[in-house]
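If you want the building blocks of each chain, they are given just below.
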Amino acid sequence: MKKRVTGIGGIFFKVKDPNATKSWYQKHLGLNTDNYGTAFEWRSSENPEQKGFSQWSPMKEDTTYFKPSEKDFMINYRVENLVELLAELKSEGVTILDEIETVEYGKFVHILDPDGHSIELWEPNDNVYDKLTEGRTIS
């Protein structure tokens, strides 16, 4: 079976004051934050030379980014070959919320799970993401 999800790409959650939340996590838990939160840097078990990232981002509680979901969080999953995966998900009857968006650090699309959670799927370009991210937390 082909891989679908290969890991957690990010966790996004609603808070009253994202800056205060980032400051608290930086002070008490050591997260190195920037405007977007922090990117946890890790290495691929299949190719230890390849860096990977998982984004952690508190967002304003009135964000519309999770729509149509009314949930307080959204999980981003790292995937391989998003175009092929999206075709398979469509054929399986999964609710697709938008079209694939391509940016320099990867491809994105949003789907809806059966409980009403918006899920972001990301086919990353980790080499570009590595150059763009400032706030990162490295183990």
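This text follows the structure it describes.
Here goes a summary of the coordinates provided.

Procedures and definitions
- Residues numbered from 1 in each chain as written.
- Predicted model: local features only at pLDDT ≥ 70, side-chain atom pairs only at ≥ 80, totals over all residues.
- Heavy atoms only, no water.
- Helix = DSSP H or I, 4+ residues; strand = E, 2+ residues; numbered from the N terminus.
- Rg over C-alpha atoms; globule rule 2.2 N^0.38 Å.
- Buried < 20%, exposed > 50% of the residue type's maximum accessible area, 1.4 Å probe, protein only.
- Contact = heavy atoms within 4.5 Å.
- Lys, Arg positive; Asp, Glu negative; His and termini not counted.
- Charge placed at Lys NZ, Arg CZ, Asp CG, Glu CD.
- Salt bridge = Lys/Arg side-chain N within 4 Å of Asp/Glu carboxyl O.
- Polar contact = N/O pair within 3.5 Å; in protein donor to acceptor, adjacent residues only side chain to side chain.

1. Some details on the overall build of the protein
Of the regular secondary structure elements, the protein holds 3 helices and 9 strands. The C-alpha atoms of the protein give 15 Å as radius of gyration, which agrees with the globular expectation for 139 residues (14 Å, within 12%). Overall, the C-alpha framework of the protein stretches about 45 × 40 × 25 Å when taken along its three principal axes. Across the 139 residues of the protein, 37% fall into the buried class. The long-range share in the protein, meaning contacts at least 24 apart out of those at least 6 apart in sequence, stands at 61%. Separation between the mean location of the 17 positive side-chain charges and that of the 24 negative ones in the protein comes to 3 Å.

2. Some points on the pattern of salt bridges
Note that side chains of opposite charge can pair when their charged atoms are close. In the structure shown here, the tally under the stated rule is 9 salt bridges. A salt bridge links Arg-78 to Asp-126; its shortest N-O distance comes to 2.5 Å. With a gap of 48 residues between them, Arg-78 in strand E4 (residues 73-79) and Asp-126 in helix H3 (residues 126-132) connect regions that are remote in the sequence. When salt bridges that share partners are traced, they join Glu-41, Lys-51, Asp-130 and Arg-136 into one network.

3. Thoughts on the environment of Leu-112
One can find Leu-112 in strand E7 (residues 106-112). Considering only alpha carbons, one finds Leu-112 and Phe-40, 72 residues apart in sequence, at a separation of 25 Å.

4. As for the side chain of Glu-120
Note on placement: Glu-120 falls in strand E8 (residues 118-124). Notably, Glu-120 is buried but unbridged: the nearest opposite-charge side chain belongs to Arg-78, and the N-O separation is 11 Å. Looking at Glu-120, its side chain comes within polar contact range of the side chain of Asn-76, at 2.8 Å.

5. Observations concerning the environment of Glu-41
Along the chain, the position of Glu-41 falls in strand E2 (residues 38-43). Accessibility expressed as a relative area gives 11% for Glu-41, which makes it buried. Along the backbone, Glu-41 and Phe-53 are 12 residues apart, and their C-alpha atoms lie at a distance of 4.7 Å.

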